[in-house]
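Observations on chain architecture
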Amino acid sequence: LPQAASLVNVGLWLIMLGGLLKITRTARTTAPAAALCVAFLVHPFVMRVFSSAMADGYAVFVVYSIAAMLATTKDEARTEATLLGFACWIGAQSRYQLLAVALAGSILFVGMTVRYRGWAPLRNFLKGAGAAMVLCAPFYIANLTDFGNPFWPLFIPQINGAHTYGDRVASLYSASLVGQYDVGAFTVRLIELITTPLVLPLALILVLLVPVSALSRGDPRYRRVAILGSFILILWALAQPRLFPKHVILLLPLGPLLAVAAFEGRITGGVGRRLIDAALGAAIVTTLGASAVLSWDYIRYAVTGNRADYHRFTWYYPVYDWVNHNTPRDARFLVIAYSGHTYYLDRPYRRADPWLSGVVDWARVSSEEDLDRVVRAGRYDYLIYDDRDWSDFLGGSAMSSAVNSAMAAGTLMPVQEFRERLYSSRLFREFKETRVLVLRPRQDR
């Protein structure tokens, strides 16, 4: 359930905050160190990540676990090496971005081993990494079995050849996240990363703090953390020069540790200490205030219990709610909507939008007869159709033409129509309107 996933993320946030406070408690500037930890973790975007039903919170927690071990373990500690190897690679079961974290942690640990000539820790690191890989293996084996590519939807042109419609859709979507390998385009994306309002000033601080800390000659524990972050940044830029802004959240746990290290021993008292305390206090109050504003709808829902008002920012929720209350529980749906958040639809369904789904090969559906065959083959009782411009996606124009032709011919009958507001910003109330139709195939066709 989404509520359970949100609760797990909140628990991870609390564990991470407690762990960071414990690590930084050894700093001579204890009060600023604690304030720095809080300031990073109460950023509105961070609060949003850890209060939603997404896997981002888990990914951040994996990076936190690795950074915490690097900041507290001794170089030659065997038990910690095993745990570190496990922590580095266990995230690969969740998302491919964490493979970059795994590689970064492994490169760093190999470097530590070579420097200190301690081969026993390396063996233990490999044991931990191997155990994690065994746990991750089912995901990659399933991809290999079902798609012929253990890393699907990555490397589709190289491994699969993009012969099927599903492979082509997945390849186009992956390419949109990767971006262009061009200096000019990369510069534009880097500027976009550090100026995107959603992650201001978090992205700018992390992108500057990590490499600067790696080049400094401070506490070796924190320098290891900075080197880990630098490797992650380099691998991110190489793998995805698009630099999708929200992915900077993976560096979040490194921020408090490196900021504490930067202040360590420099601010011990006097006017400078008071100024730092005041600035951090203002930052915490500001970010908490912003988070409270963004959370106002949650607070109002807790007080009033008005679910419809609370979900007015949830894409297509009125559509799914109407369907849940007005159709048979065993009705089968084909959903063509511009969002992956279809879990509020409490009916058997398949997603078939040309953006993220390869269920229907829309490049081969060009008429109402073709669409009727699709509906019959899938035994669908209803279609949910967002009547928008789908021409930017593979087969999108053909799909729209087929649906419109079926409605004109009467083989698809409108049951209910909605004028939906799809919000792109809860804070600024920015949205786009779209027409959504619930359609039913004609029974005597």
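All figures in this text were calculated on a predicted structure; none of them were measured in a lab. (Residues numbered from 1 in each chain as written. Predicted model: local features only at pLDDT ≥ 70, side-chain atom pairs only at ≥ 80, totals over all residues. Heavy atoms only, no water.)

Quick notes on the overall build of the protein chain
Within the protein chain, the secondary structure is distributed over 19 helices and five strands. Scored against the burial criterion, the 445 residues of the protein chain give a buried share of 45%. Roughly 22300 Å² of accessible area belongs to the protein chain as shown, and the carbon and sulfur atoms make up 62% of that amount. Here the protein chain holds 44 positive side-chain charges and 32 negative ones, and the gap between their average locations is 11 Å. (Helix = DSSP H or I, 4+ residues; strand = E, 2+ residues; numbered from the N terminus. Buried < 20%, exposed > 50% of the residue type's maximum accessible area, 1.4 Å probe, protein only. Areas by Shrake-Rupley, 256 points an atom, 1.4 Å probe, with all protein chains shown as cover. Lys, Arg positive; Asp, Glu negative; His and termini not counted. Charge placed at Lys NZ, Arg CZ, Asp CG, Glu CD.)

Digging into the sheet that holds strand E5 (residues 430–441)
Ordered in space as E2-E1-E3-E5-E4, the five strands form an open sheet in which the pairing is mixed. Both outer strands of the open sheet, strand E2 (349–351) and strand E4 (412–425), are each paired with one neighbouring strand and no more. Adjacent strand axes in the sheet meet at a mean angle of 20°, parallel and antiparallel pairs treated alike. As judged from the three bridges shared by strand E1 (residues 333–336) and E2, these two strands associate in the parallel manner. Its bridge partner lying in E2, Phe 333 is registered against Tyr 349. Strands E1, strand E3 (382–386), E4 and E5 of the sheet are contacted by helix H17 (residues 317–326), whose axis makes an angle of about 140° with E4. (Pairing = 2+ DSSP bridges. Axes fitted to C-alpha atoms, helices over the stretch in contact; angles between N-to-C directions. Contact = heavy atoms within 4.5 Å.)

Quick look at the pattern of salt bridges
The full count for this structure, using the stated rule, is 14 salt bridges. Between Lys 246 and Asp 56 there is a salt bridge, and its shortest N-O distance comes to 3.7 Å. Here Lys 246 is found in the loop between helix H12 (220–239) and helix H13 (254–263), whereas its partner Asp 56 is found in helix H4 (residues 56–72), with 190 residues between them in sequence. According to the relative accessible area criterion, Lys 246 is partly exposed, its value standing at 31%. When the shortest N-O distance is used, the salt bridge between Arg 221 and Asp 219 registers 3.0 Å. By relative accessible area, which is 27% here, Arg 221 ends up partly exposed. Overlapping salt bridges, with partners in common, bring together Asp 56, Arg 95 and Lys 246 in one network. (Salt bridge = Lys/Arg side-chain N within 4 Å of Asp/Glu carboxyl O.)

So, a nonpolar patch on the surface
There is a patch of nonpolar side chains on the surface, built from Val 110, Val 114 and Trp 119 and spanning about 290 Å² of accessible area. With respect to the helices and strands, the residue Val 114 is situated in helix H6 (residues 97–116). (Patch = residues over 30% accessible without salt bridge, like charges linked within 9 Å, V, L, I, M, F, W, Y side chains within 5 Å.)

Let's talk about the environment of Asp 381
Here Asp 381 is to be found in the loop between helix H18 (368–378) and E3. When its relative accessible area of 30% is taken as the criterion, Asp 381 is described as partly exposed. In sequence terms Asp 381 and Pro 211 are 170 residues apart; their C-alpha atoms lie 56 Å from each other. Each residue touching Asp 381, except ones within four places of it in the same chain, is listed here: Asp 330, Ala 331, Arg 332, Leu 439, Arg 440 and Pro 441.

Remarks on unusual backbone geometry
Cis geometry is adopted by the peptide bond preceding Pro 153, which originates at Trp 152 and carries an omega value of 10°. In this structure, Pro 201 follows Leu 200 across a cis peptide bond, with omega equal to -15°. When you line up the elements, Pro 201 lands in the loop between helix H10 (183–195) and helix H11 (202–215). Residue Leu 243 is not a glycine yet carries a positive backbone phi of 50°. A relative accessible area of 3% means that Leu 243 is categorised as buried. The backbone of Arg 379 shows a phi angle near 50°, a positive value even though the residue is not glycine. Among the structural elements, Arg 379 can be located in the loop between H18 and E3.

Here we look at the packing of H12 against H13
Contact geometry for H12 and H13: axes closest at 10 Å, N-to-C directions at 135°. Classified by the angle between their axes, H12 and H13 sit oblique to one another. The two elements H12 and H13 cross, and the hand of that crossing is left-handed. For the pair formed by H12 and H13, the contact residues are Tyr 222, Val 225, Ala 226 and Gly 229 on the first element and Leu 254, Leu 257, Leu 258 and Ala 261 on the second. Here the residues of the contact of H12 with H13 sort into seven nonpolar, one polar and no charged. (Parallel < 35°, antiparallel > 145°, perpendicular 65-115°, else oblique. Left-handed = near helix turned anticlockwise from the far one by under 90°. Nonpolar A, V, L, I, M, F, W, Y, C, P; charged D, E, K, R; others polar.)

A word on helix H7 (residues 119–147)
For H7, with 29 residues, the first-to-last C-alpha span of 39 Å sits near the 42 Å given by 1.5 Å per residue. The sharpest bend along H7 comes to roughly 45°, located at Cys 136, with the proline Pro 138 sitting one to four residues further on. By the burial criterion, the buried members of H7 are Ala 120, Pro 121, Leu 122, Asn 124, Phe 125, Gly 128, Ala 129, Ala 132, Cys 136, Tyr 140 and Asn 143. Among the residues trailing H7, Gly 148 stands out with phi positive, at a value near 75°. (Expected span 1.5 Å × (residues − 1). Bend = angle between axes of the 7 residues up to and from the residue.)

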